[in-house]
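# A closer look at the structure
In case you want the letters, here they are:
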Amino acid sequence: MTDVTNTEAATGFDALKGLTASAENDAPVHVQKLDAHGRAYSTGKRKNAIARVWVKPGAGKITVNGKDVAAYFARPVLQMMVAQPLNIADRATQYDVICTVEGSGLSGQAGAIRHGLSHALTHFEPELRKVLKPHGFLTRDSRVVERKKYGRAKARRSFQFSKR
């Protein structure tokens, strides 16, 4: 009788072991996604800014709305924000980036380009996902401006109180 219970226990354990192995194989597989021109495309968003980003092999030139990144973003902090995904992935001189961005201000537009560029890089090289994900570049920052309420000066600011 002990042989039967040992065999049943072994088969039950093997069945559980097989279930966990198949669950591990069901992990999402990321594949390269390119268009007909050999470019990777993605959309990035931040505040009210929407950026459409194309990545293709090149010398590392970044173009925003037809202008060079240094001409479009005058502040060095914004230029650094746009280039962060390329620098962290060590691909600063391997890809050309072309993007169009609209809405919001310059800070929101730089954040949208960074988000879109990170996604486009993962479409071009799926293994870069492991590098970019811990830095938070693939997560959309969902914070937006709170709307103005009636009876108030701004979203939360009241009008100045007058005694008389």
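Below you will find a few notes about this structure. Numbering of residues starts from 1 in each chain and follows the order in which that chain's sequence is written. With the structure being a predicted model, the display of local features is reserved for residues of pLDDT at least 70 and the display and counting of side-chain atom pairs for 80 or more, all residues being used for whole-chain, interface and lining totals. Side-chain metrics in this entry use all non-hydrogen atoms of the structure; hydrogen atoms and water are not considered.

Time to look at the pairing of strand β2 (residues 49-57). Two strands make a pair as long as DSSP finds a minimum of two bridges between them. Secondary structure elements follow DSSP: runs of H or I no shorter than four residues count as helices, runs of E no shorter than two count as strands, and numbering proceeds from the N terminus. Pairing of strand β1 (residues 40-46) with β2 involves seven bridges; the strand directions are antiparallel. Note that in β2 the partner of Tyr 41 across the bridge is Trp 54. If you look at the hairpin formed by β1 and β2, you'll find two residues sitting between the two strands, and Lys 47 has a positive phi there, around 55 degrees.

Time to look at the nonpolar core. The definition of a nonpolar core used throughout is a set of buried Ala, Val, Leu, Ile, Met, Phe, Trp, Tyr and Cys residues joined through side-chain atoms within 4.5 Å. For each residue, the accessible area found with a 1.4 Å probe, counting protein chains only, is set against the maximum for its type, and the residue is called buried under 20%, exposed over 50%, and partly exposed in between. By size, the foremost hydrophobic cluster in this structure holds 30 residues, and its most contacted members are Val 53, Val 55, Val 64, Phe 73, Ile 113 and Leu 121. Of all the secondary structure elements, the ones that give two or more residues to this core are β2, β3 (62-64), α2 (69-72), α3 (76-88), β5 (95-102) and α4 (106-124). Broken down by element, this core gets its largest block of residues, seven residues, from α4. We call two residues in contact when some of their heavy atoms are within 4.5 Å. Those residues in contact with Val 55 that lie beyond four places of it in its chain are Gly 38, Arg 39, Ala 40, Tyr 95, Asp 96, Val 97, Leu 117, Ala 120, Leu 121 and Phe 124.

The next point concerns α3. For α3, spanning 13 residues, the distance from its first C-alpha to its last is 17 Å, which sits close to the expected 18 Å at 1.5 Å a residue. Here the bend at each residue means the angle between axes fitted to two seven-residue stretches, the one ending at that residue and the one beginning there. The sharpest bend along α3 comes to roughly 45 degrees, located at Val 82, with the proline Pro 85 sitting one to four residues further on. For α3, the complete set of buried residues consists of Leu 78, Met 81, Val 82, Ala 83, Pro 85 and Leu 86. Phi turns positive, to about 55 degrees, at Asp 90, one or two residues after α3. A helix is expected to reach a length of 1.5 Å times the quantity of its residues less one.

Glancing now at the pairing of β5. The pairing of β2 with β5 spans eight bridges and is classified as antiparallel. Looking at β5, one finds that Val 55 is bridged to Val 97. Bridging between β3 and β5 involves three bridges; their strand directions are parallel. Its bridge partner lying in β5, Ile 62 is registered against Val 97.

Glancing now at the packing of aromatic side chains. Side-chain rings of Phe, Tyr and Trp, where Trp is taken by its six-membered ring, are said to pair if the distance between their centres is within 6.5 Å; with planes under 30 degrees apart they count as stacked, over 60 as edge-to-face, and otherwise as tilted. Within the structure shown, the criterion is met by three aromatic pairs. Aromatic pair Tyr 41 and Trp 54: ring centres 5.1 Å apart, planes at 45 degrees, arrangement tilted. Of this pair, Tyr 41 sits in strand β1 while Trp 54 sits in strand β2; the two residues are 13 residues apart in sequence, bridging distant segments of the chain. Seen from their ring centres, Tyr 95 and Phe 124 are 4.9 Å apart, and the 70 degrees between their planes marks the pair as edge-to-face. On the criterion of sequence distance, the pair formed by Tyr 95 in strand β5 and Phe 124 in helix α4 is long-range, its members being 29 residues apart. Accessibility expressed as a relative area gives 5% for Tyr 95, which makes it buried. Given a relative accessible area of 12%, Phe 124 falls into the buried group.

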